[in-house]
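What the coordinates show
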Amino acid sequence: MASTIHSRVLRSAAEVLGGIAALCRHLQVPEAVLNQWLLGLVIPSTHVFLKAVDVLVVIRERDPSGESAVPFYERQPAGSSAGARRDTR
């Protein structure tokens, strides 16, 4: 098993969310695919990796009321209008 930054982040995100099944739901991927990433056999896409990073970032950004910040991939860029089209590449 190769330990990569990707596998370490995914493993930490799974712990935060409550397990492998919860991370699969969050990332919308089958468990078999996630297991390949966790084992370091395959590197996840940048989009998937950043969603896992956001899980960790949001935990750090929680305010005292327990509400979490909006994940990075759902934020509007500064100065953009609410109706602006988001680039999904």
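Overview of the structure. (Residues numbered from 1 in each chain as written. Predicted model: local features only at pLDDT ≥ 70, side-chain atom pairs only at ≥ 80, totals over all residues. Heavy atoms only, no water.)

Digging into a nonpolar patch on the surface
A cluster of nonpolar side chains, contributed by Val16, Leu17 and Ile59, occupies part of the molecular surface with about 200 Å² of accessible area. As for its position among the elements, Ile59 is in helix α4 (residues 46–60). Given the relative accessible area of 35%, Ile59 is considered partly exposed. (Patch = residues over 30% accessible without salt bridge, like charges linked within 9 Å, V, L, I, M, F, W, Y side chains within 5 Å. Areas by Shrake-Rupley, 256 points an atom, 1.4 Å probe, with all protein chains shown as cover. Salt bridge = Lys/Arg side-chain N within 4 Å of Asp/Glu carboxyl O. Helix = DSSP H or I, 4+ residues; strand = E, 2+ residues; numbered from the N terminus. Buried < 20%, exposed > 50% of the residue type's maximum accessible area, 1.4 Å probe, protein only.)

Details of the environment of Ala2
Looking at where Ala2 falls in the secondary structure, it is placed in the segment before α1 (5–17). Distance from Ala2 to Gly40, taken between C-alpha atoms, is 4.9 Å for residues 38 residues apart in sequence. Contact partners of Ala2, with chain neighbours within four places excluded, come to Ser7, Leu39 and Gly40. (Contact = heavy atoms within 4.5 Å.)

Let's talk about helix α2 (residues 20–27)
When we look at burial in α2, the residues that qualify are Ala22, Leu23, Cys24 and Leu27. Looking at the packing, one finds that the buried side of α2 touches α1, α3 (31–38) and α4. Looking at the residues trailing α2, positive phi occurs at Gln28, about 60°.

Brief notes about the environment of Ser7
Positionally, Ser7 belongs in helix α1. Accessibility expressed as a relative area gives 0% for Ser7, which makes it buried. Not counting the four nearest positions on each side in its chain, Ser7 is found in contact with Ala2, Trp37 and Leu38. A distance of 2.8 Å separates the side chain of Ser7 from the backbone nitrogen of Thr4, its partner in a polar contact. (Polar contact = N/O pair within 3.5 Å; in protein donor to acceptor, adjacent residues only side chain to side chain.)

Focus on the nonpolar core
Counting residues in each nonpolar core, the largest one holds 15 residues, and the members touching the most others are Leu10, Leu23, Leu27, Leu34 and Trp37. Counting residues per element, the ones that place at least two in this core are α1, α2, α3 and α4. Residues in contact with Leu10, not counting those within four places in the same chain, are Leu23, Leu27, Leu34, Trp37, Leu38, Pro44 and Ala52. (Core = buried A, V, L, I, M, F, W, Y, C linked by side-chain atoms within 4.5 Å.)

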